[in-house]
Amino acid sequence: MNSDERFAKLVDKKNHLRSVLEKVGVGKGHHLVLHASYRKIRSAFPGLTIKNLLETLQKLLTPAGSLIMPTFTYCFKKKLGNSKIYSPDLTPSEVGAVSEYFRHMPGVTRTASPTHSFALWGKVSSEIMSENCPASPLGKGSVLEWITNQPQSYILGMGIDFSAMSYCHYLEIQAKVPWADVFPWDFMGIEKKGVSITGEQILIEVPGCSKSFINFEKYLLQNKFIISFQHRHLNIYYMPVKLLYEQGMVYFKENYIDMLCEPGKCQACDVRRQLIRKMDP
Ligand SMILES: [Zn+2]
């Protein structure tokens, strides 16, 4: 293949991705949180790079919209020994290759939360400052609260299920599930504090285990509140935040027990379950 042919093939690949994204609903001025498995995207769009993916999204959204990705690093204070210290410039994202690439792109800022930072591009980066570091990392004052208050906001999931859906942690807090402020990670030898280059921060409403958020996903699919688009074997969700919030308030308030793993299967969820037993003997 000569370089012209290679270029033609690349243009074709990008156009193909663009048309799929347009079909699911991505449009100008939307504010979008992206959760992406690059491994699964690449198998549906062979040869597509992370750069192609993110630039295609930016072109569709335009700077009037926003592209947001979690770049969590979980820099909690350790009870013993040295804690990992979060530096927005230096600490790699622990939630996937796409987010790690995105945070380095031109015009992208990153928030200061030692445990649950976000990378931001577009309108959001002029409204949420890089100092953003709420005591409730995914609650009040967080990027997830901002996205809830935007008229045209969406969550785009590519190759992921709801166990990767950070927004469900915001729903837990808003629906006031009984364990929202129970710290479940004591057994990991960490404290309810974040550590960054600016010092230590006492946290509230630290997110727990997210595995059982797939029960909310099943509920939304069964009731046809959301649709799963299939492209080859890639599962794509494009979900209005408003819809997730409204359904989440109903579902999380009534079925909060389904948001914990089965008893004995997950230490973090067991900690939270014990609390409910104490409240409801
Ligand atoms: Zn669990």
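Located above this text is the structure these notes cover.
Residues numbered from 1 in each chain as written. Predicted model: local features only at pLDDT ≥ 70, side-chain atom pairs only at ≥ 80, totals over all residues. Heavy atoms only, no water.

**Observations regarding the overall build of the protein**
Helix and strand content of the protein: 10 helices and 10 strands. The C-alpha atoms of the protein give a radius of gyration of 19 Å, which matches the 19 Å a tight globule of 281 residues would have. With the principal axes as the frame, the protein shows a C-alpha extent of 70 × 45 × 35 Å. Considering the protein as a whole, with its 281 residues, one finds that 52% of them fall into the buried category. Taking the contacts inside the protein whose residues are at least 6 apart along the sequence as the reference set, 69% of them involve residues at least 24 apart. Looking at the protein as shown, the accessible area adds up to about 13,400 Å², and 54% of this sits on carbon and sulfur atoms. Averaged over its 34 positive side-chain charges, the protein has a centre that lies 4 Å from the centre of its 25 negative ones. (Helix = DSSP H or I, 4+ residues; strand = E, 2+ residues; numbered from the N terminus. Rg over C-alpha atoms; globule rule 2.2 N^0.38 Å. Buried < 20%, exposed > 50% of the residue type's maximum accessible area, 1.4 Å probe, protein only. Contact = heavy atoms within 4.5 Å. Areas by Shrake-Rupley, 256 points an atom, 1.4 Å probe, with all protein chains shown as cover. Lys, Arg positive; Asp, Glu negative; His and termini not counted. Charge placed at Lys NZ, Arg CZ, Asp CG, Glu CD.)

**Considering the pattern of salt bridges**
Between side chains of opposite charge, a pair can form when the charged atoms approach closely. What the rule picks out here adds up to 11 salt bridges. Measuring nitrogen to oxygen at the nearest pair gives 3.6 Å for the salt bridge that ties Glu 22 to Arg 18. Remark: Arg 18 and Glu 22 occur in helix H1 (residues 3–24); sequence separation between them is four residues, near one turn of the helix. A relative accessible area of 41% places Glu 22 in the partly exposed class. With a relative accessible area of 31%, Arg 18 lands in the partly exposed category. With its nearest N and O atoms 2.4 Å apart, the salt bridge here joins Lys 84 to Glu 94. One end of the pair, Lys 84, is in the loop between strand S3 (76–78) and helix H4 (97–102); the other, Glu 94, is in the loop between S3 and H4, and 10 residues separate them in sequence. (Salt bridge = Lys/Arg side-chain N within 4 Å of Asp/Glu carboxyl O.)

**Describing the sheet that holds strand S10 (residues 234–240)**
Reading across from one edge, S4-S5-S2-S1-S6-S10-S9 is the order of the seven strands in this open sheet, with mixed pairing throughout. In this open sheet, the two edge strands, each paired with only one partner strand, are strand S4 (109–110) and strand S9 (229–231). Sheet analysis places strand S1 (residues 31–36) next to strand S6 (residues 153–158), joined by six bridges and oriented parallel. Bridge pairing in S6 links His 31 to Ser 153. The strands that helix H9 (residues 241–254) touches are S6 and S10; relative to S10, the one it contacts most, it runs at about 80°. (Pairing = 2+ DSSP bridges. Axes fitted to C-alpha atoms, helices over the stretch in contact; angles between N-to-C directions.)

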